[in-house]
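# Topology and contacts: notes
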Amino acid sequence: MKKPELFLLGVDGGMTSYITEQIEKGKLPNLKKAFSESCVLTDCRPAYPSISATCWATIQTGASPHMHGITDENIVPEGAYLNEFVSAYHGDYLMAERFWEAAARIGKKSLIADFCVSGPARTDLARTVGGIGSVADSRVLATEQTLRTVKEISEQLYVFDADVSSIFPSLPAFAMTASGKWQPQIKLQQSKYDKTDKGYFRLHVEKKNDLENPFNIEEFYWYMDVTKKGINIAVSEKDMQAGKYYEVPMNGWSEVIKRTLKDDNGPGNYRFRIKLLPAGKNGGFMVFITSAVNMYNALSPESFAKRADNIDEICSSNSYAHFLTREGNIDTAFELIEFKNEWWKKIILDAMENDPADIMAFVMGHPDSINHMYRSIFEGLQNPTEEQSAVAKYAYKRAYEILDDFIGWLYEHVLGEDTVFMIIGDHGSIGFNRTVLVHDYLEKEGLLNYLPEPDGKRLYWRNRRIDWKNTKAFPVGCANVYVNLKGRQPEGIVEPEDYDKTVNEIIKALYKHHWNEKGQCYIAFAVEKQQAGFVGLGTERVGDVLYGLSGNTTGGYIGGVHACQIPSAKTATGDIRCLFALSGKNVKKGQIIDRPANIEDVAPTLCYLLKYPQPADATGGVLFHLFEDDMYQKS
Ligand SMILES: [Zn+2]
């Protein structure tokens, strides 16, 4: 078993303050060990905008956003309508060299998992899991504006003798709230079922939107029988009758169920787990089935995909968000995260055995999901009830316990004496009780106009139709406002000679509406793009005006708890700074360092430490003060 030279554990939204508090209370033993062996930075600043795509792109390239091109979570393609932006989570938009690509120049092999913007791979020496988007089982589209991702087929939820809206009464079943707010709803749409002549339930597996099932998986069903202990599930009625079924107890999971399903690529291995949950007070129940994932499609290159296809676990990396709810199903979310981690462990052990990698980089997304759903409550903002506070506390506890367990496993099985071990976050989070609605501000100032909706209904901004003939400015992503410029945008109305005037009107409008009741301005800056170099922006891939929030318990309309906050934003209880703990040969041990650093320093520092070539486009520097003073003498 060959151990890697570098293991980078990414923790999306990792909160240093939470970890240190828990360590002081005697919790999180493995993080305690990691911190005691590391240099821990308390002032490592994210990129701007503090959104995952931009920040992970910065970490993997050591370059600032204007160099690597992932300037926001959305990018407006040249000549497109301003609301036809595409997702920057797709690696095709990355213009800089990744650090593992630099290492590949001297023959270093890497294994990269769930790392935003890491796919598709550009070197034969990189094995990648997902990376086109943020998780393995869903992919963003490179060329089409969409809020949804491409998945094989989504999770399914079947409800018996109860109705979801009565179980989750706080909100209608499909309502969306701004991220970062209390989100007690279950977002799964219910699937249909019927009964067969032989008296079994036949569960229909349904696409939830038209982006699903790109490989045309054949139609398939599950057959279910209700027993005293729970349910039996089979893949066909014949199997059910022959006793070839899987037992699922109440509140429990099935084992991993492997099904061969035909799709455009021939017969493929799809794996599932099924959970049975109580529903309501009158003996109702719910059957949850994880999404259909054929890992072969999510992994590259093919030799790696073929090997990993034999691994028996699910990688339900995104489904858990559906269950981060108030009424008792939060544990289901954590169980799903643990299944994904089990799958990761198997991938890692398989690689160490069969195809050793010098570099391993795995990114965990769930701490960020916890921030989005619970941070504001956790910080005591938004007037939480006692019950809400307790759930938020529990969510943090479980999220970091799972992280801690995984680190413990790494120490036991993966990290060698000489392995450089880095725990790195892409950004932190800040609770908020007010949302900046840039669209509304521009609308109030007459810069943005919508077409009237036929029934006069007021829709969420994303669903409104824009009156381009009367629109001078439009916000995109977390940080940009574009001028609807004649000759550049279709239906552009702002004459080139009025460009500067319009830019100034936008800046004025942003400042005008960003004051709270205490008279504090919560916009940190709003500048024309030529001035945005101080946050590493300012290329053609940004808006004409760039702005950022100061924190101040104010969240952006994207992300809420992070994304629109500037890299140094901090409040009494929240901090946008990144988790950063580096350990290994030649690195100082047990140091807490409050000297400022930026995440663009991560890749240059790692490459220097490991004697890899520097990433070609790096703008960050080597953090020499983290190294032992005598490292030159030793090496
Ligand atoms: Zn996030």
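Residue positions are given per chain, counted from 1 along the sequence in the order it is written. Two thresholds apply to this predicted model, a pLDDT of at least 70 for residue-level local features and 80 or more for giving and counting side-chain atom pairs, whereas whole-chain, interface and lining totals are computed over all residues. Side-chain calculation: all heavy atoms of the structure are included, whereas hydrogens and water are not.

### What about the coordination of the zinc ion?
Geometry sets the ideal angles at a metal, namely 109.5 degrees for four tetrahedral donors and 90 or 180 degrees for six octahedral donors. Distances from the zinc ion to its protein donors, namely D368 (OD), H372 (NE2) and H562 (NE2), fall within the range 2.0 to 2.2 Å. Atoms are scored as donors when they are N, O or S and lie within 2.8 Å of the metal, with 3.2 Å used for Na, K and Ca; no water is included, so coordination may look incomplete. Taken in chain order, the donor set of the zinc ion reads D-x3-H-x189-H. Of this pair, H372 sits in helix α11 (residues 366-378) while H562 is found in the loop between β26 (554-555) and β27 (580-583), placing the two residues 190 residues apart along the sequence. Three exposure classes are used, based on accessible area relative to the maximum for each residue type with a 1.4 Å probe and protein chains only: buried under 20%, partly exposed in between, and exposed over 50%. Owing to a relative accessible area of 14%, H372 belongs among the buried residues under this scheme. Only runs of H or I of at least four residues qualify as helices and only runs of E of at least two qualify as strands under DSSP, and these elements are numbered from the N terminus.

### Thoughts on unusual backbone geometry
Between Y48 and P49 the backbone carries a cis peptide bond, its omega angle lying at -5°. A cis amide bond links S300 to the next residue, P301, at an omega of 0°. In this model, E491 sits at a positive phi of 60°, which is unusual for a non-glycine residue. With respect to the secondary-structure elements, E491 resides in the loop between β23 (480-483) and α14 (499-513). You can call E491 partly exposed: its relative accessible area is 34%. Phi angles above zero are rare outside glycine, and K611 is one such case at about 60°. Structurally, the position occupied by K611 is in the loop between α15 (602-609) and α16 (631-634).

### Quick word on the domain arrangement of the protein chain
In many reports, interface size means the accessible area that the parts give up when they come together. The split into domains, and so the bounds of each, comes from an automatic or database assignment of domains. Assigned domains of the protein chain: these are domain 1 (6-147 + 574-634), domain 2 (153-292) and domain 3 (434-555). The straight-line distance from the C-alpha centre of domain 1 to that of domain 2 is 36 Å. Residues are treated as being in contact if the distance between any of their heavy atoms lies within 4.5 Å. Between domain 1 and domain 2, the contact holds 4 residues from the first and 4 residues from the second. For the domain 1 and domain 2 pair, buried surface summed over both sides reaches about 230 Å², with 54% attributable to carbon and sulfur atoms. Note on definitions: buried area is the accessible-area loss of two parts on being combined, 1.4 Å probe, summed for both.

### Here we look at helix α3 (residues 52-61)
For α3, the buried fraction is high: 10 of the 10 residues fall into the buried class. Residues of α3 that are buried include every one of S52, A53, T54, C55, W56, A57, T58, I59, Q60 and T61, and no others. Where α3 terminates, the next one or two residues include G62, which has phi positive at roughly 65°.

### Re the side chain of H90
Within the secondary structure layout, H90 lies in the loop between β5 (86-87) and α5 (99-104). You can call H90 buried: its relative accessible area is 8%. The contact partners of H90, leaving out residues within four places of it in the chain, are I70, V117, G119, P120, I132, V140, L141 and A142.

### Here we look at the packing of aromatic side chains
Stacked, tilted and edge-to-face are the three classes assigned to paired rings of Phe, Tyr and Trp, where Trp is represented by its six-membered ring and a pair needs centres within 6.5 Å; plane angles under 30 degrees give stacked, over 60 edge-to-face, the rest tilted. All told, the structure shown has 29 aromatic pairs when counted by the stated rule. Ring centres of W253 and F339 lie 5.0 Å apart, and the angle between their planes is 90°; on these two criteria the pair is classed as edge-to-face. Pair noted here: W253 is in the loop between β13 (246-249) and β14 (257-263) and F339 is in helix α10 (residues 330-354), with a separation of 86 residues, a long-range link. Take W253: its relative accessible area is 16%, and that puts it in the buried class. Assessed through its relative accessible area of 12%, F339 is described here as buried. Put simply, the rings of F7, W344, F362, F406, W409, Y411 and F421 pair up and form one aromatic cluster. For the cation-ring pair, R202 lies above Y221, with the distance from its terminal atom to the ring centre recorded as 4.2 Å. Any Lys NZ or Arg CZ found within 6 Å of a ring centre and within 35 degrees of that ring's normal is scored as a charge over the ring.

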